[in-house]
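The primary structure of each chain is shown beneath.
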Amino acid sequence: MKIALITPFLPYKNATHAGGVFTWYLVDHLCKNHKVTLYTRAHQKEGKELQQINSIFENIHYIEYTDAKESTILKKLSTIISYLYFYKMVRKKLKNKNYDLIQIEYSESVFFLGKLYSKLVLNLHDVVGLRYAREIENQNNNLLRYISYFKKLLYEFLENYSIRKTDLIFVRTGFEKRYLNTRFPNKRIEIVPLMMGAVDNSQISSTTKRNVNLLLFTGALDRKYNEETAVYIATKIFPLISKHLPEIKLILGGNNPSEKLKKMTAESDRISLTGYIKDFDQLYQSGGIFISPVFSGGGMLYKNLQAMWFGLPVITTTFGNLGINAKNGLEILIGDNSAEIIDLVKQLQDKDFYQKISQNGKYLVRHKYNADRVLNDYNTHISNCMSNFG
């Protein structure tokens, strides 16, 4: 088949955000069996990555962008302009092209692309209506709650429009599928969860290092929900757990930490900010306890899957386990407030308990969320879409 894949973020294996990594697994799989043309944006620092993936595609059409450094407002304005130029480029390129299938990443893209005549697949990295509903629920400031409510209305409009226009919708979790099915009972909605590549098996030792004196959290720290979580760990959890475990250390791994976070962590010699990391493998392989007290956001948490894949026991919230569906107390540990999380860290000081959570979590992810299994289901959904709508 001739396939077009449209994404505003360059997909590659070591992308700094989960969406880019996930899309990379999908397109790498598609390119092995089909002629795929990629339409994307590429940051000026991603030239090397763009060159590396160029050979697998039939064609790549892209616009280059950079970040404004002067102010937050200019940075946001620069991003909006970049998106608009991107969609204008895609519309122009698609005018005289015929594709059997067009896969579109992110719901707002469909709205800005206009009328398309191929079979359309929409890959929702998260259901934004649900994301803002959680944000409203967790917001204590009335003004910010109203702002979040306005955002929810706007993005739900874009999301609803996009779903109506597409033939097949992919979501990450069963919870998201059920939510959309109640609004669009006649639409074909399938679950394609986040995955870990089978190629990583050779890099993972069979025995996990047990390092109970290290807490670890990773994520793009310039993203709102990751920064909020990092601040919560550094202020609400780490100072209290340090009273019980004075030797414990905390690593916050991820690119572009804010000045607020830098200042906050500089006050402790037992908290480290890594900054940009090209490949998190070595960080995970050093062992430790992965702590992920996430209360807001959307979709399925790749960071939790990744830590479990490497055999780290994961402490997260009820929300953080959505889509993974690991068994609490057996494959994952769930704490929905700082006191519960601190107690779980103390429980993991026990060697046998640490190994139980580590091994069971690793087994779950390697068997249920390995790329071969997920991509086989993805391929089946694509084939069924073409046969049923062709």
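Higher on the page you've got the structure.
The following refers to the structure shown. Quick caveat: nothing in here was measured; it's all calculated off a predicted structure. (Residues numbered from 1 in each chain as written. Predicted model: local features only at pLDDT ≥ 70, side-chain atom pairs only at ≥ 80, totals over all residues. Heavy atoms only, no water.)

1. Brief notes about the overall build of the protein chain
Next up, step 1: Secondary structure assignment for the protein chain yields 14 helices and 13 strands.
Next up, step 2: The globule rule puts the C-alpha radius of gyration for 390 residues at 21 Å, and the 21 Å found for the protein chain is close to it.
Next up, step 3: Its C-alpha atoms give the protein chain principal-axis dimensions of roughly 65 × 45 × 45 Å.
Next up, step 4: Out of the 390 residues in the protein chain, the part that is buried amounts to 54%.
Next up, step 5: In the protein chain, the proportion of contacts linking residues at least 24 apart, taken out of those at least 6 apart, comes to 66%.
Next up, step 6: Accessible surface for the protein chain amounts to roughly 18,500 Å². Of this, 50% is attributable to carbon and sulfur atoms.
Next up, step 7: In the protein chain, 52 positive and 36 negative side-chain charges are present, and the distance between their average locations comes to 4 Å. (Helix = DSSP H or I, 4+ residues; strand = E, 2+ residues; numbered from the N terminus. Rg over C-alpha atoms; globule rule 2.2 N^0.38 Å. Buried < 20%, exposed > 50% of the residue type's maximum accessible area, 1.4 Å probe, protein only. Contact = heavy atoms within 4.5 Å. Areas by Shrake-Rupley, 256 points an atom, 1.4 Å probe, with all protein chains shown as cover. Lys, Arg positive; Asp, Glu negative; His and termini not counted. Charge placed at Lys NZ, Arg CZ, Asp CG, Glu CD.)

2. Some remarks on a nonpolar patch on the surface
Next up, step 1: Together, Ile80, Leu84, Phe111, Phe112 and Phe157 make up an exposed nonpolar region whose accessible area comes to about 450 Å².
Next up, step 2: For phenylalanine 157, a relative accessible area of 46% gives the class partly exposed. (Patch = residues over 30% accessible without salt bridge, like charges linked within 9 Å, V, L, I, M, F, W, Y side chains within 5 Å. Salt bridge = Lys/Arg side-chain N within 4 Å of Asp/Glu carboxyl O.)

3. Here we look at a positive patch on the surface
Next up, step 1: A surface patch of positive charge is lined by Lys2, Lys35, Lys88, Arg91, Lys92, Lys93, Lys95 and Lys97.
Next up, step 2: Tallying contributions element by element places helix 3 (residues 72-94) first for the positive patch, with four residues.
Next up, step 3: With respect to the helices and strands, the residue lysine 2 is situated in strand 1 (residues 2-7).

4. A closer look at the pattern of salt bridges
Next up, step 1: Per the stated rule, a full pass over the model turns up four salt bridges.
Next up, step 2: Notably, a salt bridge pairs aspartate 28 with lysine 32, separated by 3.8 Å at the nearest N-O pair.
Next up, step 3: Accessibility expressed as a relative area gives 23% for aspartate 28, which makes it partly exposed.
Next up, step 4: Close ionic contact of glutamate 190 with arginine 188 constitutes a salt bridge, the shortest N to O distance being 3.4 Å. Note on accessibility: glutamate 190 and arginine 188 belong to one class, buried.

5. Quick word on the layout of surface pockets
Next up, step 1: Each pocket or cavity is described by its volume, and for the second largest pocket that value is around 500 Å³.
Next up, step 2: As for the second largest pocket, its lining consists of 23 residues, of which Asn138, Gln139, Lys224, Glu228 and Ser296 are closest to the centre.
Next up, step 3: For the lining of the second largest pocket, the leading source of residues is helix 8 (residues 224-244), giving nine residues.
Next up, step 4: Tallied by class, residues from the lining of the second largest pocket come to eight nonpolar, eight polar and seven charged. (1 Å grid on protein atoms, 1.4 Å probe; cavity = no way out; pocket = protein on both sides within 12 Å on 5 of 7 lines; lining within 4 Å. Points joined across faces, edges and corners; volume = space filled by probe spheres on them. Nonpolar A, V, L, I, M, F, W, Y, C, P; charged D, E, K, R; others polar.)

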